[in-house]
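What the coordinates show
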Amino acid sequence: MNQNIARLHAIALKDQRRIVGLMSGTSLDGLDIALCNVSGAGSAAKLTLEAFTTHPYTPEFKEQVSSVFSKQQTDLEKVCLLNAWIAREHARMIIETLRNWQIESRDIDLVASHGQTIYHAPQILHRQPGFPNATLQIGDGDHIAVGTGIITVSDFRQKHIAAGGEGAPLAAYGDYLLFSTAGENRILLNIGGIANFTYLPGSLDASLVFSTDTGPGNTMMDAFIRQEYPGRFFDEDAALANAGSVCEPLLRCLRNDRFFKKPFPKTTGPELFNLHYLQRAQRESGTEQISREDILATLNMFSAATIAEAIQRIAGKHERLHFFVSGGGMHNPLLLSNIHQLLPGAAFQTTEALGIHPDAKEAVLFAVLANEAISGGYTRFGSAASGMPTVSMGKISFPV
């Protein structure tokens, strides 16, 4: 037997596996690195978060990814080069982090790498007849495996699409396995570049679980900051948005897109919700001359309003819901205040209440997916039509 296959077989049979989960989102803050200890699989899976950090990206890294991110036309050679370069950078960050934690690579069973999304193209966005849903994450798993010496599971979204899904959001699988509890209907809201939530029924019926994008989270606010305030990447503490006022005509135009009328589940990305979207809404509403602060205040309310509207669509169909929030948007005090204002009856906690640091949650969930790929059995979720095809996701890369 190939020694790598034998090693993988031995890992699959272990009582516990140490998995490094990685997440690099559209905000380009840095690489989230979560060291997880996972036992069991499926509904019997148990996870302990041993350590977590975000390895910040340098300005050069951000510039390199931004040069190809979410662009319909880009330099194909650059994409090719970045596929290897990003993976090698991530491998270096993993090794450096493990060294800081005083952990040897040989003591880690698996790396679970989400990769860096550079383009997301579900049919709802590309609308090209004859072409399926598609998505592209770069940062190749083979380079990570060779660079770290650790078996790497990566590129999770492709199997989801191959099985009829849209490739996102994938959070629902890990959310169900880790955070479901009998007798309590839960909404797990993640506010990243794009906002999404997972519904977890108290009945524990996996076929009823679903996850959906709601629209923009931080992506449009962050893009506007980068354009208008060089050297800044986000509106820290919402200081600029707080200095402005919501422009109702602009807000109405921003909310007037067919995406918001589509049924759940659905996915989207910065390919739709970007500065071109903002500029078109300003032209249509005749608000090109409003202040930058008013634009930020309006974008903040836009994210809050579309999150709240999506939650209200499901809230009326279920008994009392318990809300748990994670993602970078939870650090935006104005955004959370706006959501609370629009959902006055909802009480939000962070996923810290569930035992997982909210900033670590997405990296943790990819560790869960890697664990399922290696050691999981069969958990029937839903169907491609429900956005939850029952599939094992992830490609396996071996070290040299």
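My aim in this report is to walk through the structure given alongside it, one point at a time.

Calculation notes
Residues numbered from 1 in each chain as written. Predicted model: local features only at pLDDT ≥ 70, side-chain atom pairs only at ≥ 80, totals over all residues. Heavy atoms only, no water. Helix = DSSP H or I, 4+ residues; strand = E, 2+ residues; numbered from the N terminus. Rg over C-alpha atoms; globule rule 2.2 N^0.38 Å. Buried < 20%, exposed > 50% of the residue type's maximum accessible area, 1.4 Å probe, protein only. Contact = heavy atoms within 4.5 Å. Areas by Shrake-Rupley, 256 points an atom, 1.4 Å probe, with all protein chains shown as cover. Axes fitted to C-alpha atoms, helices over the stretch in contact; angles between N-to-C directions. Left-handed = near helix turned anticlockwise from the far one by under 90°. Nonpolar A, V, L, I, M, F, W, Y, C, P; charged D, E, K, R; others polar. Salt bridge = Lys/Arg side-chain N within 4 Å of Asp/Glu carboxyl O. Phe/Tyr/Trp six-rings, centres within 6.5 Å; stacked < 30°, edge-to-face > 60°. Lys NZ or Arg CZ within 6 Å of the ring centre and 35° of its normal. Expected span 1.5 Å × (residues − 1). Bend = angle between axes of the 7 residues up to and from the residue. Pairing = 2+ DSSP bridges.

Focus: the overall build of the protein
Tallying secondary structure elements over the protein gives 14 helices and twelve strands in all. In terms of overall size, the protein behaves like a compact globule, its C-alpha atoms giving a radius of gyration of 21 Å where 400 residues would be expected to give roughly 21 Å. Looking at the protein residue by residue over its 400 residues, the buried ones come to 55%. Sequence-distant contacts, at least 24 apart, represent 70% of the contacts inside the protein between residues at least 6 apart. Accessible surface computed for the protein: about 17,200 Å², of which carbon and sulfur atoms make up 49%.

Focus: the packing of helix α2 (residues 59–66) against helix α3 (residues 76–100)
The contact between α2 and α3 brings their axes to 11 Å, and the two run at 150°. Classified by chirality, the crossing of α3 by α2 is left-handed. Contact with α2, carried on its side by Glu60, Phe61, Gln64 and Val65, involves Lys78, Leu82, Trp85, Ile86, Glu89, His90 and Met93 of α3 and no other residues of that element. Among the residues making up the contact of α2 with α3, the classes are represented as six nonpolar, two polar and three charged.

Comments concerning the side chain of Ser285
Looking at the secondary structure, you find Ser285 in helix α11 (residues 275–285). Of the residues examined, Ser285 reaches a relative accessible area of 18% and is grouped as buried. With sequence-adjacent residues up to four places away left out, Ser285 is seen in contact with Pro249, Leu250 and Cys253.

Some details on the side chain of Ser326
Here Ser326 lies in strand β10 (residues 321–326). By relative accessible area, which is 1% here, Ser326 ends up buried. Excluding its chain neighbours within four sequence positions, the residues that come into contact with Ser326 are Leu189, Asn190, Ile191, Thr351, Pro358 and Lys361.

Focus on unusual backbone geometry
Trans peptide bonds make up the majority, and among non-glycine residues the majority have a negative phi. Of note, the amide linkage connecting Ala168 to Pro169 takes the cis form, showing an omega dihedral of -15°. Residue position: Pro169 is located in the loop between α6 (157–162) and α7 (171–179). In this model, Phe264 is joined to Pro265 through a cis peptide bond whose omega is -10°. Its identity as a non-glycine residue notwithstanding, Ser70 has a phi of 55°, on the positive side. Although it is not a glycine, Asp237 adopts a positive phi angle of roughly 60°.

Details of the pattern of salt bridges
On inspection of all chains with the given rule, the structure shows ten salt bridges. Where Arg106 meets Glu104, a salt bridge forms, and the shortest distance between an N and an O atom there is 3.9 Å. According to the relative accessible area criterion, Arg106 is exposed, its value standing at 66%. Take Glu104: its relative accessible area is 43%, and that puts it in the partly exposed class. Where Asp155 meets Lys395, a salt bridge forms, and the shortest distance between an N and an O atom there is 2.8 Å. Of the two residues, Asp155 is situated in the loop between β6 (152–154) and α6 and Lys395 in strand β12 (residues 395–397); the sequence distance between them amounts to 240 residues. Given the relative accessible area of 42%, Lys395 is considered partly exposed. Here the salt bridges do not stand alone but share partners, grouping Arg7, Lys14 and Asp109 into one network.

Some remarks on the packing of aromatic side chains
Following the criterion strictly, the structure yields 17 aromatic pairs and no others. Relative to Phe302, the ring of Tyr277 lies with its centre 6.1 Å away and its plane at 15°, an arrangement referred to as stacked. Here the residue Tyr277 occupies a position in helix α11, and Phe302 occupies one in helix α12 (residues 292–315), the gap between them amounting to 25 residues. Of the two residues examined, Tyr277 and Phe302, each falls in the buried class. Among the aromatic residues, those joined into a ring-pair cluster are Phe259, Phe260, Phe273, Tyr277 and Phe302. Over the face of the ring belonging to Phe233 we find Lys62, whose NZ or CZ atom lies 3.7 Å from the ring centre. In this structure, Arg313 is placed above the aromatic ring of Phe264, and the distance from its NZ or CZ to the ring centre is 4.2 Å.

Brief notes about α3
Helix length check: α3, at 25 residues, gives a terminal C-alpha distance of 36 Å against a target of 36 Å (1.5 Å per residue), a fit within 8%. At Leu82, α3 shows its maximal bend, which comes to roughly 30°. Of all the residues in α3, the buried ones are Val79, Leu82, Ile86, Ala87, Glu89, His90, Ala91, Met93, Ile94, Thr97 and Leu98. Looking one or two residues beyond α3, the residue adopting positive phi is Gln102, at roughly 60°.

With respect to the pairing of strand β2 (residues 30–39)
By the criterion of burial, β2 is predominantly enclosed, with ten of the ten residues buried. Sheet topology places strand β1 (residues 16–24) next to β2; eight bridges connect them, and they run antiparallel. When the sheet's bridge partners are listed, Met23 is paired in β2 with Asp32. Connecting β1 to the antiparallel partner β2 that follows it, the hairpin turn spans five residues, and Leu28 within it adopts a positive phi of roughly 60°. Bridging between β2 and strand β3 (residues 46–56) involves ten bridges; their strand directions are antiparallel. Across the sheet, Asn37 pairs through a bridge with Thr48, a residue of β3. The loop that links β2 with its antiparallel partner β3 comprises six residues; one of these, Gly40, has a positive phi angle of about 65°.

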